[in-house]
Amino acid sequence: MDPTARCRLVLLAVGGPYPPFLRSLGGGLVSMLVTNAYFVTLTDQAVYIHRGSRPQDLPETLYEVVPLDRAAGLIAKVKRGNGWNALFLRLPGRRRPLRLNVSFQSRDELESFVARIRKSTAQAAPAAQAVAAP
């Protein structure tokens, strides 16, 4: 990450199948083996997505970096639920959106992330049109 970038928000999520479905298959150990932990970090300049293993719940590898000026189509869909929410991210170079399951405990961070991405892309669009116009 850029050391000058200021962190604005960190969203914790779980990748993989719907968590209650995994719980019905045996839960605990099974779900930890087939899912990954994701850490979506929003800074002043970009969105960083880190991936890690579930037992440690620590970021291990940088999965993707999306600059804010290219984040217009990042959010494909948001499904809000009572227990779990699903955030689908359309990442560059990937055919299908990445599904991230966000717990109801992180609902405020999810709403803030969605609002900030939409706000930053709305501000970037008029600026890009002004530069493109002769």
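Residues numbered from 1 in each chain as written. Predicted model: local features only at pLDDT ≥ 70, side-chain atom pairs only at ≥ 80, totals over all residues. Heavy atoms only, no water.

(A) Inspection of the sheet that holds strand S6 (residues 84-89) at higher detail. Strand order in the open sheet made by the seven strands is S4-S3-S2-S1-S7-S6-S5, with antiparallel pairing throughout. Sheet topology places strand S4 (61-67) and strand S5 (75-79) at the edges, where each strand pairs with a single neighbour. Going across the sheet, the axis of each strand differs from the next one's by a mean of 30 degrees, ignoring polarity. (Pairing = 2+ DSSP bridges. Helix = DSSP H or I, 4+ residues; strand = E, 2+ residues; numbered from the N terminus. Axes fitted to C-alpha atoms, helices over the stretch in contact; angles between N-to-C directions.)

(B) Fine view of the packing of aromatic side chains. Under the definition given, this model contains one aromatic pair. Cation over ring: Lys77 sits above Phe88, and NZ or CZ is 4.9 Å from the ring centre. For the cation-ring pair, Arg94 lies above Tyr63, with the distance from its terminal atom to the ring centre recorded as 4.8 Å. (Phe/Tyr/Trp six-rings, centres within 6.5 Å; stacked < 30°, edge-to-face > 60°. Lys NZ or Arg CZ within 6 Å of the ring centre and 35° of its normal.)

(C) Inspection of the pairing of strand S7 (residues 98-103) at higher detail. The element S7 is largely enclosed, with a buried count of five among its six residues. Pairing of strand S1 (residues 7-15) with S7, which is carried by two bridges, proceeds in the antiparallel orientation. Of the residues in S7, the one forming a bridge with Gly15 is Leu100. Note that S6 and S7 share six bridges and pair antiparallel. By the bridge assignment, Leu87 is partnered in S7 with Leu100. (Buried < 20%, exposed > 50% of the residue type's maximum accessible area, 1.4 Å probe, protein only.)

(D) Molecular detail of the nonpolar core. Of all hydrophobic cores here, the largest spans 25 residues; its most connected members are Val47, Leu74, Leu87, Leu89 and Phe113. Among the secondary structure elements, those contributing two or more residues to this core are S1, strand S2 (36-43), strand S3 (46-53), S4, S5, S6, S7 and helix H3 (107-132). For this core, the element with the most residues is H3, which contributes four residues. (Core = buried A, V, L, I, M, F, W, Y, C linked by side-chain atoms within 4.5 Å.)

(E) Representation of the pattern of salt bridges within the structure. Counting across every chain of the model gives five salt bridges. A salt bridge links Arg94 to Glu64; the nearest nitrogen and oxygen atoms lie 3.3 Å apart. You can see Arg94 sitting in the loop between S6 and S7 and its partner Glu64 sitting in strand S4, a full 30 residues away along the chain. In this structure Arg94 comes out as partly exposed when scored by relative accessible area, which is 35%. (Salt bridge = Lys/Arg side-chain N within 4 Å of Asp/Glu carboxyl O.)

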